[in-house]
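Each chain is listed here by its residues.
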2 protein chains.
Amino acid sequence: MSHDHLPDFDQIRAAAARIAPHATVTPVLRSAALDALAGAELHFKCENFQRGGAFKFRGACNAVWSLVGDEARAGVVTHSSGNHGTALALAAATRGIPAHVVVPEGAVQAKLALIERAGAVLHRCAPNQSAREASAAEVQQATGAQLVHPYADDRVMAGQGTIALELLAQVPALDALITPVGGGGLASGVAIAAHGLRPGLPLFGAEPAGADDAARSLAVGERVQSVVPDTLCDGLRALIGQPNLAALREHAIDVITVSDEETIAAMRLLWRELRIVVEVSSATVLAAVLKSGERFAGRHVGLVLTGGNVDLDALPW
Amino acid sequence: MSHDHLPDFDQIRAAAARIAPHATVTPVLRSAALDALAGAELHFKCENFQRGGAFKFRGACNAVWSLVGDEARAGVVTHSSGNHGTALALAAATRGIPAHVVVPEGAVQAKLALIERAGAVLHRCAPNQSAREASAAEVQQATGAQLVHPYADDRVMAGQGTIALELLAQVPALDALITPVGGGGLASGVAIAAHGLRPGLPLFGAEPAGADDAARSLAVGERVQSVVPDTLCDGLRALIGQPNLAALREHAIDVITVSDEETIAAMRLLWRELRIVVEVSSATVLAAVLKSGERFAGRHVGLVLTGGNVDLDALPW
């Protein structure tokens, strides 16, 4: 069964019920100092406290528990440079099935260690999209494991969308919402969920200038696949998926690009003012709000902080 | 009116009501990885998310709002190398009164910046206890401000004690509780509150080996004031106060000493596994639990993480 299409709102509500026994309801943190800097009321949804240290557990868990009957037995396989791999391994463990993770050479060491600790079988491959997909297909063939794509998968997007259900229940007064944009699994799931509850809620994405394929794709009206990612944001190097781009367009997500310098400065601010450990990709959302001044002035903004898996010996400042 | 005596349980309940409009109800975080390391169920009370980034806001806020009538007008004064100074300034601001903070030379720069940002008037002094106290007395004389001692003050201890009321409501099943021990304001407030609710609950303290005056004082039965603090734990260099030592004894607090190396290793674990920014003093509690093996085995342990004000450019690893 193919899964490379968008979920609907009901699927997201079903996902919320499905993952509830396993996932963490993450807290929303605030900071008077950051509010003052932004001239807005900022509500940070802290998915760095999610199981495995990233929002990815939601989508992976929903995918794993969506498998029916014999599908589950041979386990699951994915390709991931980091958090989705850990998430899938942890999710598979909650069901007692194996997880295979194809990891590109050059991935962040701290994240690889987490994937292994979570109990996955690692398979190395060259660091490019086609090698990743070919390698995953091979493993799938050899083991019979079910493929769970990191973002172009309706079950995964539905799981990520549960963040918006949770956040809008925690902070009903939000009048804007922003997530990082990589492959687009989070942005599309959140968009479908948020507009299911609050049609017309203004939605934003934050994308590294060095991996701005989503912004370009929206500008030209079709998937731009020529971008060679050049950004410190290791979680946002994936090119936007096909169904994901469709969701960005359909939900009028305004993608703001930010430089790595802006993102690193925002990351420091988050560590200092919120006293939390978040990875660099997470900080794109604060960087985007801070550089957009008027656009967010006076608003109640929800910002999704995506993860906290950082190499503490290699901080980017 | 003198305040260098212990509060009773009713005072702590009154403090909880008094500070409720101003203080943050801080979350309790857990980690499967840390539980596995400790062989116990660890519940981390995250006061790094308290206003001002440390538990000290509770005591300072209770003291400021305990002032009656004309007492408040001239403001408050204290001596503090860090978090208590920020806390008192923030608390004074909630009541619209001035705060004077005497700071010893050599205090952590990141903490001084926070005190200033919180709106206090800074007064420098030599880095020893008698200079601190003399300087605070001078300011008190000159301005008419009320002294709020960082730990040997019943209003401050009562405020810190509210942590235990909150934590035991959040995690009723706790069967052990541990806090860092510096001047002892936190340890004594928590002891009175915890035993008010749960007489006989086993209580522990964690103290740097290089500032082990509380452990020594308990051992010899009187205040040992000859210890010259030599520890990276800047929040725990104060010598145990007189009423505070009495509380440690009365409530049979078992003080465990930890080396700075053990504490730094524990600090890294907290950052990595909980994905939070905590200062080095906070990590003494995890270091103490990890080195005590059998003593905590299988227990449900509450650990108070005291603060998160860290110089991100000078991490101790």
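Being a predicted model, the structure only gives us computed values, none of them experimental. All residue numbers here refer to positions counted from 1 along the written sequence of the relevant chain. Both sets of labels track the order of writing: A upward for chains, 1 upward for ligands. Predicted model: local features are reported for residues with pLDDT of at least 70 only, side-chain atom pairs are reported and counted for 80 or more only, and whole-chain, interface and lining totals are derived from all residues.

Talk me through the overall build of chain A; I want residue IDs and the actual numbers.
Counting from the N terminus, the helices are the DSSP runs of H or I reaching at least four residues and the strands are the DSSP runs of E reaching at least two. Counting its secondary structure elements, chain A contains twelve helices and ten strands. In terms of overall size, chain A behaves like a compact globule, its C-alpha atoms giving a radius of gyration of 18 Å where 317 residues would be expected to give roughly 20 Å. Across its three principal axes, chain A shows a C-alpha extent of roughly 55 × 40 × 40 Å. Scored against the burial criterion, the 317 residues of chain A give a buried share of 56%. Each radius of gyration reported is based on C-alpha atoms, and the globular scaling rule is 2.2 Å times the count of residues to the power 0.38. Burial is judged by counting other C-beta atoms within 10 Å of a residue's own C-beta: 20 or more means buried, 12 or fewer means exposed, and anything between counts as partly exposed, with every C-beta placed from the backbone.

Tell me what's going on with the relation of the copies chain B and chain A, and back it up with residues and numbers.
Least-squares superposition of the copies uses the C-alpha atoms of those residues scoring a pLDDT of at least 70 in each of them. The operation relating chain B to chain A is a screw motion whose rotation component is 180 degrees, with 0.0 Å of axial translation and a residual RMSD of 0.0 Å. The relationship between the two copies is best expressed as a two-fold rotation axis. Within chain B, the C-alpha atom positioned nearest to the axis of rotation is that of Ile276 of chain B, 2.1 Å from it. Residues are scored as being in contact if the C-beta atoms we place from backbone atoms lie within 7 Å. Both copies present the same face, since 100% of the interface residues in chain B are matched by interface residues at the equivalent positions in chain A.

Give me the lowdown on the domain arrangement of chain A, citing residues and values where you can.
Residues and elements named next belong to chain A. Its domain assignment divides chain A into domain 1 (9–55 + 153–305) and domain 2 (57–147). By convention here, the domain bounds are inherited from an automatic or database domain assignment. Centre-to-centre separation of domain 1 and domain 2, based on C-alpha positions: 23 Å. In this complex, domain 1 contributes 23 residues to the contact, which on the side of domain 2 involves 20 residues. Breaking the side of domain 1 that touches domain 2 down by element, the ones donating at least two residues are helix 1 (9–19) and helix 7 (154–170). The element that contributes the greatest number of residues to the side of domain 1 that touches domain 2 is helix 7, accounting for eight residues.

Now, about the interface of chain B and chain A: what can you tell me, with residues and values included?
In this complex, chain B contributes 13 residues to the contact, which on the side of chain A involves 13 residues. Split into classes, the residues belonging to the side of chain B that touches chain A amount to seven nonpolar, three polar and three charged. Polarity classes work like this: nonpolar for Ala, Val, Leu, Ile, Met, Phe, Trp, Tyr, Cys and Pro, charged for Asp, Glu, Lys and Arg, and polar for all others, with Gly in that last group.

I'd like a rundown of the pairing of strand 3 (residues 76–79) of chain A, residues and numbers included.
Residue and element names in this part refer to chain A. On strand 3, burial covers both faces: Val76 and Thr78 on one face and Val77 and His79 on the other are all buried. By this definition, two strands are paired if DSSP reports at least two bridges between them. Looking at chain direction, strand 3 and strand 4 (residues 99–104) are connected through four bridges and run parallel. Paired with Thr78 across the strands is Val101, a residue of strand 4. For crossovers, right-handed means that the path from the first strand over the helix to the second runs clockwise, given strands pointing away from the viewer. Crossover connection from strand 3 via helix 4 (residues 83–95) to parallel strand 4: handedness right-handed.

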